[in-house]
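Coordinate analysis (summary)
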Amino acid sequence: MITFLVVALVAGSLLLAAVGFLLTARDRQPGGLFRAAAWLLWATMAVQAVIVFVAARGGPKLSEPITFFGYLVASLVVMPFALRVATAEESRWSGAVIAVAALAMAAMAGRLQFLWSSAGG
Amino acid sequence: MPTGTGPGRVLVAAYAVFALAATARAAVQISTKFSTAPLAYLLSALAAVVYILATIGLASSRPVARRLAWTAVGVELLGVLAVGALSIAVPDAFPADTVWSGFGRGYGFLPLVLPVLGLLWLRRTRPAAP
């Protein structure tokens, strides 16, 4: 795991979630910029996943490889799904739907970091 | 009013995340270390099924889905209360964590909050009595 990417992912997810909930609270629909930010977050996660996947081959031995890769896949599935749900019915609640997915991504990025750093060297 | 619209979409999204997380976790537990704590892992699997059914029930607008959602969310609340209380009262019986252990402590207590929100939402969107 690239530490600064993890930090960026968690911080970015939390920021996106905060903006998403704020949009809902202020009765606004997510605009193109917000969607672009959600995709940027997803792309960052994808970059991280590729790096981790390459590093995991011949790298430190993970104690729970199946759990680790499960989180990796799940962290990539959540946001595209939420964006679809949010777009299918455009309303003030779209921002909160994306915020829920962003929170899930933050949690999973944290779990991935934990599992990675607890791997034996 | 259908349960999967407006604020209900946020609830459905949260349930979908939990359905994914619980299913994946139960699958890993049962496939890799089932014999170490069969009861806890069976409960994980039950929780996963409940979350999947609740997601479907809340997302769909068919009348039968509402009954499914009531049942699934009700079972979920009973499950998190029972397992939460038991895991604190008799920790030895729960050597391994489930989603519902300690009232969902490992998941920011969301497993306790979600069914309450779900039941309130189902009541709020209940069709008017004929």
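In this text, all values refer to a predicted model and were calculated from it rather than measured experimentally.

Counting its regular elements, chain B contains 4 helices and 0 strands. Each helix (α) and strand (β) of chain B, taken in turn from the N terminus, gives the series α-α-α-α. Principal-axis analysis of the C-alpha atoms places the extent of chain B at approximately 50 × 30 × 25 Å. For chain B, with 130 residues in total, the buried portion stands at 42%.

Taken together, the 13 residues of chain B in the interface contact 15 residues of chain A. A per-class count over the side of chain B that touches chain A returns 9 nonpolar, 3 polar and 1 charged.

The next thing to look at is the packing of helix H3 (residues 65-88) of chain A against helix H1 (residues 7-33) of chain B. Their axes nearest at 11 Å, the elements H3(A) and H1(B) cross at an angle of 160°. The pairing of H3(A) with H1(B) is recorded here as roughly antiparallel in orientation. Here H3(A) runs over H1(B); the crossing is right-handed. Across the interface between the two elements, Ile66(A), Thr67(A), Gly70(A), Ala74(A), Val78(A), Ala82(A) and Val85(A) of H3(A) pack against Arg9(B), Ala13(B), Val17(B), Leu20(B), Ala21(B), Ala24(B), Val28(B) and Thr32(B) of H1(B).

Here we come to the environment of Phe81(A). Position of Phe81(A) among the secondary structure elements: in helix H3. Along the chain, Phe81(A) and Leu103(A) lie 22 residues apart, while their C-alpha atoms are 14 Å from each other.

What follows deals with the nonpolar core. Counting 64 residues, the largest nonpolar core has Val97(A), Val100(A), Ala101(A), Met105(A), Ala13(B) and Tyr15(B) as its most contacted members. Setting aside its immediate chain neighbours within four residues, Val100(A) contacts Ala82(A), Val10(B), Ala13(B), Ala14(B) and Val17(B).

With that settled, the discussion passes to the packing of helix H3 (residues 63-89) of chain B against helix H4 (residues 110-124) of chain B. All names here are of chain B. With their axes 9 Å apart at the nearest point, H3 and H4 run at an angle of 145° to one another. Crossing geometry of H3 relative to H4 is assigned as left-handed. Residues Ala69, Trp70, Val73, Glu76, Leu77 and Val80 of H3 lie in contact with H4, whose contacting residues are Pro111, Leu112, Pro115, Val116, Gly118, Leu119 and Leu122. Looking at side-chain class alone, the contact of H3 with H4 contains 11 nonpolar, 1 polar and 1 charged residues.

Another point: the confidence of the model for chain A. For chain A, the mean per-residue pLDDT works out to 89, and 96% of the residues sit at or above 70. By mean pLDDT, H3(A) is the weakest element of chain A at 89, and helix H1 (residues 3-25) of chain A is the strongest at 94.

Mapping Asp92(B) onto the fold places it in the loop between H3 and H4. Residues Asp92(B) and Arg66(B), spaced 26 residues apart in sequence, show a C-alpha to C-alpha distance of 37 Å.

Reading guide: rules and limits
Residues numbered from 1 in each chain as written. Chains lettered and ligands numbered in written order. Predicted model: local features only at pLDDT ≥ 70, side-chain atom pairs only at ≥ 80, totals over all residues. Helix = DSSP H or I, 4+ residues; strand = E, 2+ residues; numbered from the N terminus. Buried ≥ 20, exposed ≤ 12 C-beta atoms within 10 Å, placed from the backbone. Contact = placed C-beta atoms within 7 Å. Nonpolar A, V, L, I, M, F, W, Y, C, P; charged D, E, K, R; others polar. Axes fitted to C-alpha atoms, helices over the stretch in contact; angles between N-to-C directions. Parallel < 35°, antiparallel > 145°, perpendicular 65-115°, else oblique. Left-handed = near helix turned anticlockwise from the far one by under 90°. Core = buried A, V, L, I, M, F, W, Y, C linked by C-beta atoms within 7 Å. pLDDT = per-residue confidence, 0-100.

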